[in-house]
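# Geometric and topological summary
Residue-level listing of the chains:
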Amino acid sequence: MTAPAMVAEFDDVAGWTAEAVAQLGAEHAIPAACRGSASPAALAWLAEACELAPGTRLLDVGAGAGGPAAWAARRFGVRPVLLDPMPAACRAAARMFGLPVVLASGDRIPLRAGSMDAAWCLGVLCTVADKAALLREMHRVLRPGASLGLLVVVVRTPRALAVPAVPDGNLFPTQAELADLLDEAGFDLVEQIDRPGDAPLSWSRRAARVAEVVATRHRADRAYALAARQSESFTRLFDSGQISMQLIHAVRRPGGAHTRGGNVNPSNGDEEFEIELEVEVRAELTLVESSRPEEAAALPASEWLFDPTDVQAEEIELRNLLGAIEELGGLRRGETELP
Ligand SMILES: C[S@@+](CC[C@H](N)C(=O)[O-])C[C@H]1O[C@@H](n2cnc3c(N)ncnc32)[C@H](O)[C@@H]1O
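These remarks concern the structure in this document. (Residues numbered from 1 in each chain as written. Predicted model: local features only at pLDDT ≥ 70, side-chain atom pairs only at ≥ 80, totals over all residues. Heavy atoms only, no water.)

## What to know about the site of the ligand
Around the ligand lies a shell of 20 residues, among which Arg 35, Gly 62, Asp 84, Gly 106 and Leu 122 are the nearest. Within the side chain of Asp 84, an N or O atom sits 2.7 Å from an oxygen atom of the ligand. Backbone polar atom of Leu 122 to a nitrogen atom of the ligand: 2.8 Å apart, as the coordinates give it. Here the ligand has 590 Å² of accessible area as a free molecule, and 92% of this is covered by the chains. (Near = heavy atom within 4 Å. Polar contact = N/O pair within 3.5 Å; in protein donor to acceptor, adjacent residues only side chain to side chain. Areas by Shrake-Rupley, 256 points an atom, 1.4 Å probe, with all protein chains shown as cover.)

## A word on the nonpolar core
Considering soluble globular proteins, one finds that nonpolar side chains tend to be buried as a cluster. Leu 43, Leu 52, Trp 71, Met 96, Phe 97 and Trp 120 are the most contacted members of the largest nonpolar core, which has 57 residues in total. Ranked by residue count, the leading element in this core is helix H1 (residues 4–24), at 8 residues. Excluding anything up to four places from it in sequence, Leu 43 contacts Cys 34, Ala 38, Pro 68, Trp 71, Trp 120, Leu 122 and Trp 203. Counting residues in hydrophobic clusters, the runner-up holds 30 residues, among them Leu 59, Val 61, Ile 109 and Leu 182. (Core = buried A, V, L, I, M, F, W, Y, C linked by side-chain atoms within 4.5 Å. Buried < 20%, exposed > 50% of the residue type's maximum accessible area, 1.4 Å probe, protein only. Helix = DSSP H or I, 4+ residues; strand = E, 2+ residues; numbered from the N terminus. Contact = heavy atoms within 4.5 Å.)

## Focus on unusual backbone geometry
The phi angle at Glu 51 is positive, at roughly 50 degrees, despite the residue not being glycine. Tracing the sequence through the fold places Glu 51 in the loop between helix H3 (40–49) and strand S1 (57–61).

## Overview of the packing of helix H6 (residues 131–141) against helix H7 (residues 175–185)
Where H6 meets H7, the closest approach of the two axes is 9 Å, and the angle between their N-to-C directions is 40 degrees. Between H6 and H7, the angle falls in the class oblique. At the point where H6 passes H7, the crossing takes the right-handed sense. Residues Lys 131, Ala 132, Leu 135, Arg 136 and His 139 of H6 pack against Leu 181, Leu 182 and Ala 185 of H7. Per-class residue counts for the contact of H6 with H7 are 5 nonpolar, 1 polar and 2 charged. (Axes fitted to C-alpha atoms, helices over the stretch in contact; angles between N-to-C directions. Parallel < 35°, antiparallel > 145°, perpendicular 65-115°, else oblique. Left-handed = near helix turned anticlockwise from the far one by under 90°. Nonpolar A, V, L, I, M, F, W, Y, C, P; charged D, E, K, R; others polar.)

## What to know about the packing of H1 against helix H8 (residues 201–218)
Look at H1 against H8: their axes get within 9 Å of each other, and the N-to-C directions meet at 115 degrees. Relative to H8, the element H1 is oriented roughly perpendicular. In this structure, the crossing between H1 and H8 has a hand that is right-handed. In contact with Trp 16, Thr 17, Glu 19, Ala 20, Val 21, Gln 23 and Leu 24 of H1, H8 contributes Arg 209, Val 210, Val 213, Val 214, Arg 217 and His 218.

## Quick notes on the packing of aromatic side chains
By the definition in use, this model includes 4 aromatic pairs. Taking 6.1 Å as the distance between ring centres and 25 degrees as the angle between the ring planes, the aromatic pair formed by Phe 234 and Phe 238 counts as stacked. Taken together, the positions of Phe 234 and Phe 238, both in helix H9 (residues 222–239) and 4 residues apart, correspond to about one turn of that helix. Overall, the relative accessible area of 15% leaves Phe 234 in the buried class. (Phe/Tyr/Trp six-rings, centres within 6.5 Å; stacked < 30°, edge-to-face > 60°.)

## Overview of the pattern of salt bridges
Opposite charge on two side chains allows them to pair when their charged atoms are near. One pass over the full model with this rule turns up 6 salt bridges. Here Asp 117 and Arg 143 are joined by a salt bridge, their closest N and O atoms 3.2 Å apart. On the criterion of sequence distance, the pair formed by Asp 117 in strand S4 (residues 116–122) and Arg 143 in strand S5 (residues 142–155) is long-range, its members being 26 residues apart. Classification of Asp 117 as buried rests on a relative accessible area of 16%. One salt-bridge network, in which partners are shared between bridges, spans Arg 57, Asp 117 and Arg 143. (Salt bridge = Lys/Arg side-chain N within 4 Å of Asp/Glu carboxyl O.)

## Structural notes on helix H4 (residues 67–76)
Note: α-helices contain 3.6 residues per turn, so residues at a spacing of three or four share the same orientation. Counted residue by residue, H4 has 7 buried out of 10 residues, so it is predominantly covered. For H4, the set of buried residues is Gly 67, Pro 68, Ala 69, Ala 70, Trp 71, Ala 72 and Phe 76. Gly 77, located one to two residues past H4, shows a positive phi value of around 70 degrees.

## Section: the pairing of strand S2 (residues 79–84)
Along any regular strand the residues' side chains alternate between the sheet's two faces. Judged by how many residues are buried, S2 sits mostly within the fold: 5 of 6 residues are covered. Across 5 bridges, the pairing between S1 and S2 is parallel. Pairing of Leu 59 across the sheet is with Val 81, part of S2. With H4 bridging S1 and the parallel S2, this β-α-β connection has right-handed handedness. Handedness of the crossover joining S2 and strand S3 (residues 101–103) through helix H5 (residues 87–97): right-handed. (Pairing = 2+ DSSP bridges. Right-handed = clockwise from strand over helix to strand, strands pointing away.)

## Some thoughts on the state of the cysteines
Tallied over the entire structure, the rule returns 0 disulfides. Considering cysteine sulfurs only, Cys 126 is the nearest to Cys 121, which forms no disulfide, with 9.7 Å between them. By relative accessible area, Cys 121 is classed as buried at 1%. (Disulfide = S-S within 2.5 Å.)

## So, the sheet that holds S5
Overall, mixed pairing links the 7 strands, which are arranged S3-S2-S1-S4-S5-S7-S6 in an open sheet. The open sheet has two edge strands, S3 and strand S6 (187–194), and neither has a second partner. Pairs of neighbouring strands in the sheet enclose a mean axial angle of 20 degrees, with direction left out of account. Two elements, S2 and S3, share 3 bridges in a ladder whose sense is parallel. Within the sheet, the bridge partner assigned to Asp 84 lies in S3 and is Leu 103. Packed onto the sheet, H5 meets S2 and S3 and runs at close to 170 degrees relative to S3. Along the sheet face, H6 touches S1, S4, S5, S6 and strand S7 (243–252) and points at about 155 degrees away from the line of S5.

In structure tokens, the structure reads:
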């Protein structure tokens, strides 16, 4: 089960970020929506290492609010597909960047085997218990020889961290554990760097303005306090040198993952999963449509039971999600190409 602090950090804050960007302007979207602490220098390192190019089909697993994938689309012309299990994060990414977004967990990716040219997974591995399952799924959906770009927080000494010091729900691997996980999932580690460069002020100021608006609006919210505590714990651990941020470039080996008994790269019922997802999104859309925002908007504001503009925005996001699901279904069946 996901820790409440992680839901606050990854879902509530993502939704609030999209609201604040709508108020401040679209130029704030990418810096504010890079939630894995990736700076432009870190993203550029990953993009160059993975040899991203116009048209590269890039899957971003745990894409959050979508900043890194949107950056790669803008700077390198890639065609990203975003995937995240948090609904408000998916809606925030669709709202801010209009990119195809899939609401799913990284250990059950609703895409066909070998359909992606590259994958990113930034700031995600330390937040999941079954890291091997996530890596195996990425191996399955990548074509042989494809690049994997990772931003991973690793712990320097095994089990050295006192439990209260660790942000809720995080399980940091050691460097050696990470190397083993990659190898067992069928990836060759090509290169790794410590301490990606800081962001320039022009970037961090935009992110800070968004954070200020979020704080002003939501400081009293319990989720705000939980998310703030998570980020304070991270800062303390980084400052004390107990954890560090690593950028990694790995390449998918042509063969399968190493087996330790059993089938490690099974076909995962993609179609069933897409259908379930589509049914859920359609149900939510019906609910939103049934609240008839256009009728509410025609009434004087004093008689509104809800804000019709919020509902209309939600309807647009849900239609975006539905479009992405339909498009990915077609791609998986080999009927369509991504735009
Ligand atoms: C620190 S945030 C990083 C977001 C984004 N990669 C970025 O750099 O801005 C971690 C993300 O991992 C996502 N996540 C958590 N568990 C996941 C899982 N099982 N599969 C895929 N993503 C997951 C969270 O919802 C969250 O959006």
